[in-house]
Amino acid sequence: MLAIALKPAGAIEFFPFFNWSLFSESSDHRGDVTLRMTEIDGAPVAPPRFFYDMKDVFTAARDKDPRLMKLLDRWFYALRQNDRETADRLRAVVEKTFMSEVSAADYELVLAVYNPVRRLRTGDIEKIQVIGSFAKGQP
């Protein structure tokens, strides 16, 4: 009642009822940390493919396992913080749990930046930043 009774002269808003700014500033870009496969069991993957696009090879890709997404985010964070122990431990979990279908793999941990609507329509990814290159089972 006070907000309505004490509104400034000439104001057309009744705070808080007409002064909401929900989603007034939101980015049209998204960044996802993911894996990009470059070689599997000695055979080059040309062009390199994202892990989740390889449903024919990896069970986790078919299931869109959310645990992998969380692990990759934590791995990326550990690398950025120079926490080698945590990064190595998370990498081992990714390789043993989510890449168990292959005996050898060369891959990259990447940050893919894209517009979600454009990627849905065309598959376009605006920028791929390689965070690190790895080989399954290699130090």
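Residues numbered from 1 in each chain as written. Predicted model: local features only at pLDDT ≥ 70, side-chain atom pairs only at ≥ 80, totals over all residues. Heavy atoms only, no water.

Asks: It is not clear to me how the overall build of the protein chain should be interpreted in this structure. Could you clarify?
Replies: The helix and strand tally for the protein chain stands at five helices and four strands. Going from N to C terminus, the protein chain has its helices and strands arranged as α-β-β-α-α-α-β-α-β. Every one of the 139 residues in the protein chain was classed for burial, and the buried ones make up 32%. Summarising the internal contacts of the protein chain: among those between residues at least 6 apart in sequence, 57% fall at separations of at least 24. About 9,600 Å² of surface is accessible on the protein chain, with carbon and sulfur atoms providing 55% of the total. (Helix = DSSP H or I, 4+ residues; strand = E, 2+ residues; numbered from the N terminus. Buried < 20%, exposed > 50% of the residue type's maximum accessible area, 1.4 Å probe, protein only. Contact = heavy atoms within 4.5 Å. Areas by Shrake-Rupley, 256 points an atom, 1.4 Å probe, with all protein chains shown as cover.)

Asks: Sorry, what's going on with the nonpolar core here?
Replies: Within soluble globular proteins, side chains that are nonpolar tend to cluster in buried spots. In terms of nonpolar packing, the biggest core is built from 29 residues, with Leu35, Met37, Phe51, Phe58, Trp75 and Met99 touching the most fellow members. If you list the elements that add at least two residues to this core, you get strand 1 (30-40), helix 2 (59-63), helix 3 (66-80), helix 4 (84-98) and strand 3 (105-114). A per-element tally of this core places helix 3 first, with seven residues. Discounting residues that sit within four places of it in the chain, Phe51 has contacts with Leu35, Met37, Phe58, Ala60, Ala61, Leu68, Phe98 and Met99. One finds Phe50, Val110, Ala112 and Ile125 within the second-largest nonpolar core, a separate group that totals five residues. (Core = buried A, V, L, I, M, F, W, Y, C linked by side-chain atoms within 4.5 Å.)

Asks: Before we go on, may I ask you to explain the sheet that holds strand 4 (residues 127-135) in this structure?
Replies: A sheet is described by the order of its strands in space; here four strands give the open sequence 2-1-3-4, paired in antiparallel fashion. Each edge of the sheet is formed by a strand with only one pairing partner; in this case those strands are strand 2 (43-50) and strand 4. Averaged over all adjacent pairs, the angle separating strand axes in this sheet is 20°, with direction ignored. Alignment of strand 3 against strand 4, held across eight bridges, turns out to be antiparallel. The partner of Val113 across the bridge, within strand 4, is Lys127. Along the sheet face, helix 3 touches strand 1, strand 3 and strand 4 and points at about 95° away from the line of strand 1. Against the sheet, helix 4 makes contact with strand 1, strand 3 and strand 4, and its axis sits at roughly 85° relative to strand 4, the strand it touches most. (Pairing = 2+ DSSP bridges. Axes fitted to C-alpha atoms, helices over the stretch in contact; angles between N-to-C directions.)

Asks: Honestly, the packing of helix 3 against helix 4 in this entry has me stumped. Any pointers?
Replies: Where helix 3 meets helix 4, the closest approach of the two axes is 8 Å, and the angle between their N-to-C directions is 155°. With respect to helix 4, the axis of helix 3 lies roughly antiparallel. Pair helix 3 / helix 4 crosses with left-handed handedness. Of the residues in helix 4, those touching helix 3 at Arg67, Leu68, Leu71, Leu72, Arg74, Trp75, Ala78 and Leu79 are Arg84, Thr86, Ala87, Leu90, Arg91, Val93, Val94 and Phe98. Its residues placed into classes, the contact of helix 3 with helix 4 shows 11 nonpolar, one polar and four charged. (Parallel < 35°, antiparallel > 145°, perpendicular 65-115°, else oblique. Left-handed = near helix turned anticlockwise from the far one by under 90°. Nonpolar A, V, L, I, M, F, W, Y, C, P; charged D, E, K, R; others polar.)

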